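Listed below are the residues making up each chain.
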Amino acid sequence: MTKVAERLLSVSLPGDSNSAPRWLGTEPLIQAVNYVPEIFAHRVGWTATWLGPDLRKAEDEEFVRQLKEMGVNLVSIALFTGFGLEAEKEAIADSMKFSALLRRYGIRVGVYVGSTIMYETLLLEKPEAQEWFVPDYLGRPVRYWGWNNNNQSFRKRVYFMHPGYREYMKKVLRVGIEDLHAELIHYDNTSGMADPAIFQHPLAVQDFRVFLKNRYPAEKLKDRLGFSDVRYVEPPRDDKPRSTIDDPLWQEWADFRCYQLARYYAELKEFIRGLNPNVAMAVNARWGISGHNTIWEGVDYPTLAPQIDILFNEEGETAAHYAGMTADGILVSKIRSYKLATTLNKRVLCVTASGTPSKGGDVFAIPGGRVQLAESMVYNRQCLGNIGEGLFLPALPEEERGYIRFFREHFDLYRGVETVADAALLYTHATMGFNNDRPAVSFMLFAQTLIQAKVPFDLIFDEHLQDLSKYRVLILADQECLSDEQLGLIRKYVQQGGGLVATEHSSLYTEWRRRRRDFGLKDLWPVEAPAWRGISTPEEVSKIIPVRQQVGKGRVVYLGEVKPAIEKPPTVLMTSQYWKLPENWEGLVDAVRWAARGPLTVEVEGPLTVTAELLRQAERGRLLLHLINYDLERTPELENLRVRLSGREEVKDLVLLSPDRGDQTLTPTSEEGGVVFTVPTLKGYSVVVINYSTCWNTQNAPKG
C-alpha cells in the first residue's frame, strides 16, 4: 500500500508504485505528437481539404529527419482513438510503419490511447460494450462535448472499472507494446474519466458501497454517516455548483472517484510492466493546479501520481494559460503545476512551443513561446514538453528553435537537480477538495505572491507534514481542514524552530470538514475564531492586523486575510483572470521573511514580471539560479538585476548562460553571510551557474 493511499483511502492499490523506466531519468524529454488518424478527422468534421494528405506527409522519412535534427526524441502516434481495433486497423497498420521509421532514427515511440468510445463503430466489433456505457445523467446523455463545447456526441463515456472495458483496454495496450513497440502509453481524457456523471453507472454504485464498507470499521462508519449499513446508499445526483461540500457522503464519493481512477491506472501499469518494464505511462490530468477543484473532478494528484510516470497537462493549449503577462498585469504561469509534479517526482508534458495547430487545423504562434519553453526548462524536470504537432513543426520560429538547442546543449544543467526552498506552501486534500471558494483564492494568491516576489518555495501535500526539516517556513494559506495528527506535527515543527505563516480559517475544521469551536492551532496564534453562523453561511474573516509571536524556538505569524485584487464570484473556478497579486502581497512576503528569521537564501531585486528559481546540484558543487522575464513581449530586455545569495561557502566563479546571448562571467562581491552580484541583462531567460570552491553535500550546502 502506498503512503498516499493509506493516508487518504485506507484501501490498498495493486502494483509497484515506485518503479519507473530507466530512460526517463537519463535523457532530455522533447516530444512531438502526430496521433490524429484520418477516421477521427473525418468523423469530427475537420473540413480542411489538405488535412488528410498532410497527415500522411507527417509520417514520411523527410519529416522524421527534420524531427531528429530539431532534437525531438519522443513522438506520440495513433493507436486507439476509440473507434475500436477493427475500425482503426488501417490506422494501426500505418502507425506500425511510422513506428519503425521513428525507431530507425533513434526516436522513442509513444502511442495515443483515448478513453471515450465512438460507439457507432465499436459496437459493430463488440456489441456487449453497450454494458460499459454510462446511463443518462440528469436528463442528458453522458458524452464528450469536445473543444469549446463543440458537440462530439458520437463519443460516449464509459465506467472505466467495468471488467469488460478493462480487458478490452489491455488488448489495446498489448497491440501498442508488442506491435508498435511503444515506450510510452499516452492516455487522454483522464481528467474527465472520474466525472460525477460517470459514477452513476450501476456497477459504480455497487463499488461505492463496497468502498465505504471496506474503508471504515462499523463504528467509525457510523460516526461518519450516522449509520453503518450502506447497502442502500446512492451517490449524489446534482450538478449544481457549490461553495462547500459538507455532506459526508459527497466527500466520500469524491474520495472514492479519486481512488477508483488511481486503481484503474495501477492495474494497467502492472499489466504494462509485465509486458515490458521499459514502457512509461503518461496521463492527461489536464489542469494541474490552475484553479480547478481537481479532487471533486476525481483527480487527487498524490494518489494518482505513484501509479503513473508522466503528467500530461493542457494548460499550455488555451489562451487563458499561455505563459506571460496579461493586459491587466496578471502573471500567468504553469509554475504551480510544475511544482506539483516535482514534489511528486514526476515530469509534465504540455504544449510549450508554437508548432501546434489550432483545433480547426490552422497553425498559430503561441504568444510567449520562448517563455513557455523556458518555464518548462526551469520548473519541470528534464523535460521540454510537447513542442508541436505534425507538419506544423517546421513552422517553429527560429527563436524558439534556439531555446530547444540551448536545452539540448546544456542538458547537464537540468539533470540531478533539487529545489532550494525556504518555504513550503501546504495543499491539503480536505481543504482544497471540499471548499471551492476562500481556500482556493488564498492558496492561489499566496502562491502568486511567492512566485512574483521571487521567494524560494515548494508546494507540498498532506503526507509531507511528516518531515518539514528542509524548510524554514510552513505556509497555511487558509488550509482550514487539518486532522489532530497534522496539528501535532505542525506544533512540533514550530516548537523545534520552524516558522509558520497562517491565514484566515486555517485549522478551524477537522479532516472531515467538521467545524471546531476555535482554531485547532489557537495555542500558536492568540486570535479568536469568528462566530459560527451555520454551514450555509460563509465564515467571516478577521480584520485584525497581523499577529506575530515567538512559540518555543519558532516564530508564528497569523494574517486575517489574503486580500484579492480581483474578487472571484462564489463557486466560480479560481482561474488565471483572478490571479492578480493580492492587495496585501507585501505583507505576506514580510510575514514569510520574519518567520524565516533572516534573509532568504536568494533575494533578487527586479520587476514583479521576473521569476527566479534556485536549484542545487550537490554532486557537482554548484547552484543554478534561473531567471525568466514573463513580460518579454512588452519588455524585451531588462538590465542590472541585483542578486544576494546567502551561504558560508566560498564562491569559485559565476557564469551567466542564455539562449538569447553569449556566455558571460560575473564578478561576485563578498558580503556578511553571503555574496552579491549583478545580472547585467535579461531578455527572455538566463541561468547563473554558481560554482563553489569545494564540493559540498546537502548537509553543508546553502539551504532553503
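You'll find the structure just up there.
Our subject in this report is the structure included herewith. Quick caveat: nothing in here was measured; it's all calculated off a predicted structure.

**Some words on the sheet that holds strand β20 (residues 547-551)**
Then, in step 1: A sheet is described by the order of its strands in space; here six strands give the open sequence β17-β16-β18-β19-β21-β20, paired in mixed fashion. Either end of the sheet is taken by a strand with one partner, and the two such strands are β17 (457-461) and β20. Neighbouring strand axes in the sheet, compared pairwise and without regard to direction, differ in orientation by 20° on average.
Then, in step 2: As judged from the five bridges shared by strand β16 (residues 423-427) and β17, these two strands associate in the parallel manner. Its bridge partner being in β17, Y427 is matched across the sheet by F461.
Then, in step 3: Relative to the sheet, helix α18 (residues 484-495) contacts β18 (473-476), β19 (499-503), β20 and β21 (554-559), its axis offset from that of β18 by approximately 145°.

**Observations regarding the environment of S99**
Then, in step 1: Structurally, S99 can be placed in helix α5 (residues 89-104).
Then, in step 2: Classification of S99 by relative accessible area gives buried; the value is 0%.
Then, in step 3: Taking the C-alpha atoms as reference points, S99 and A182, separated by 83 residues in sequence, lie 8.0 Å from one another.
Then, in step 4: Contacts of S99, omitting those with residues within four sequence positions, involve I77, V109, L180 and H181.

**Looking at the packing of helix α13 (residues 335-343) against helix α14 (residues 369-379)**
Then, in step 1: Contact geometry for α13 and α14: axes closest at 10 Å, N-to-C directions at 25°. On the basis of their axis angle, the class for α13 and α14 is roughly parallel. In this structure, α13 crosses over α14, and the sense of that crossing is right-handed. Residues I335, Y338, K339 and T342 of α13 form the contact with α14, whose own contacting residues are E375, S376 and Y379.
Then, in step 2: Classifying every residue of the contact of α13 with α14 by side-chain character gives three nonpolar, two polar and two charged.

**Regarding the pairing of strand β29 (residues 674-682)**
Then, in step 1: Most of β29 is tucked away: seven of the nine residues are buried.
Then, in step 2: As paired strands, strand β25 (residues 638-646) and β29 are joined by eight bridges and run antiparallel to one another. Of the residues in β29, the one forming a bridge with L641 is V679.
Then, in step 3: Between strand β28 (residues 669-671) and β29, which follow one another and run antiparallel, lie two residues, and G673 among them has a positive phi close to 80°.

**Examining the environment of A323**
Then, in step 1: Note on placement: A323 falls in the loop between β8 (310-313) and β9 (324-325).
Then, in step 2: Residue classification places A323 among the buried positions, given a relative accessible area of 4%.
Then, in step 3: Residues A323 and G368, 45 residues apart in the sequence, show an inter-C-alpha distance of 6.2 Å.

**Concerning the packing of aromatic side chains**
The description of two aromatic rings rests on the distance between their centres and on the angle between their planes.
Then, in step 1: Following the criterion strictly, the structure yields 26 aromatic pairs and no others.
Then, in step 2: Look at F208 and F256: their rings are 5.2 Å apart centre to centre, the planes differ by 40°, and that puts the pair in the tilted class. Residue F208 is located in helix α9 (residues 202-215), and its partner F256 is located in helix α11 (residues 248-275); the two are separated by 48 residues in the primary sequence. Judged on exposure class, the residue F208 and its partner F256 are both buried.
Then, in step 3: Positioned above the aromatic ring of F457 is the side chain of K339, whose terminal nitrogen or guanidinium carbon lies 4.6 Å from the ring centre.

**Comments concerning unusual backbone geometry**
Then, in step 1: At N345, a residue that is not glycine, the phi angle is positive and equals roughly 60°.
Then, in step 2: Tracing the sequence through the fold places N345 in the loop between α13 and β11 (347-349).
Then, in step 3: You can call N345 exposed: its relative accessible area is 65%.
Then, in step 4: Of note in this structure, N640 is not a glycine but carries a positive phi near 55°.
Then, in step 5: Tracing the chain through its elements places N640 in strand β25.
Then, in step 6: Note on N640: relative accessible area 53%, which makes it exposed.

**Some points on helix α19 (residues 585-596)**
Every α-helix winds through 3.6 residues per turn, so residues three or four apart in the chain are directed the same way.
Then, in step 1: The end-to-end C-alpha separation of α19 is 17 Å, in line with the 16 Å expected for 12 residues at 1.5 Å each.
Then, in step 2: If you check which residues of α19 are buried, you get L588, V589, A591, V592, A595 and A596. The arc enclosing the buried residues of α19, seen along the axis, measures out at 155°, which places them on a common side.
Then, in step 3: Looking at the packing, one finds that the buried side of α19 touches α17 (438-452), β18, β19, β20 and β21.
Then, in step 4: Just downstream of α19, R597 is the residue with a positive phi angle, here 60°.

**Re the sheet that holds β29**
Then, in step 1: Strand order in the open sheet made by the four strands is β22-β25-β29-β28, with antiparallel pairing throughout. In the strand order of this sheet, the two ends are held by β22 (602-605) and β28, each with one partner. The sheet shows a mean angle of 25° between the axes of neighbouring strands, direction not considered.
Then, in step 2: Sheet analysis places β22 next to β25, joined by four bridges and oriented antiparallel. Considered in β25, the bridge of V604 is made with V643.

**Quick notes on the packing of helix α7 (residues 163-179) against α11**
Then, in step 1: Between α7 and α11, the least distance of the axes is 10 Å, while the angle of their chain directions is 35°. By crossing handedness, the relation of α7 to α11 is classed as right-handed. For the pair α7 and α11, contact is made by Y165, R166, M169, K170, L173, R174, I177 and E178 and by Y264, E267, L268, F271, I272 and L275, respectively.
Then, in step 2: Taken together, the residues of the contact of α7 with α11 sort by class into nine nonpolar, no polar and five charged.

**Notes on the pattern of salt bridges**
Then, in step 1: Inspection of every chain in the model, using the stated rule, returns 46 salt bridges.
Then, in step 2: E86 serves as the salt-bridge partner of K89, at 2.9 Å between the closest nitrogen and oxygen.
Then, in step 3: Using a relative accessible area of 45% as the deciding quantity, one classes E86 as partly exposed.
Then, in step 4: In this structure, R273 and D309 form a salt bridge, with 2.5 Å as the shortest nitrogen-oxygen distance.

**Describing the pairing of β20**
Then, in step 1: As defined by bridge partners, β20 adjoins β21 across five bridges and the pair is classed as antiparallel. Counted as the bridge partner of V551 is G554 from β21.
Then, in step 2: What sits between β20 and β21 in their antiparallel hairpin is a turn of two residues, with G552 showing a positive phi close to 60°.

Parameters and conventions
- Residues numbered from 1 in each chain as written.
- Predicted model: local features only at pLDDT ≥ 70, side-chain atom pairs only at ≥ 80, totals over all residues.
- Heavy atoms only, no water.
- Pairing = 2+ DSSP bridges.
- Helix = DSSP H or I, 4+ residues; strand = E, 2+ residues; numbered from the N terminus.
- Axes fitted to C-alpha atoms, helices over the stretch in contact; angles between N-to-C directions.
- Contact = heavy atoms within 4.5 Å.
- Buried < 20%, exposed > 50% of the residue type's maximum accessible area, 1.4 Å probe, protein only.
- Parallel < 35°, antiparallel > 145°, perpendicular 65-115°, else oblique.
- Left-handed = near helix turned anticlockwise from the far one by under 90°.
- Nonpolar A, V, L, I, M, F, W, Y, C, P; charged D, E, K, R; others polar.
- Phe/Tyr/Trp six-rings, centres within 6.5 Å; stacked < 30°, edge-to-face > 60°.
- Lys NZ or Arg CZ within 6 Å of the ring centre and 35° of its normal.
- Expected span 1.5 Å × (residues − 1).
- Arc of directions from axis to C-beta.
- Salt bridge = Lys/Arg side-chain N within 4 Å of Asp/Glu carboxyl O.

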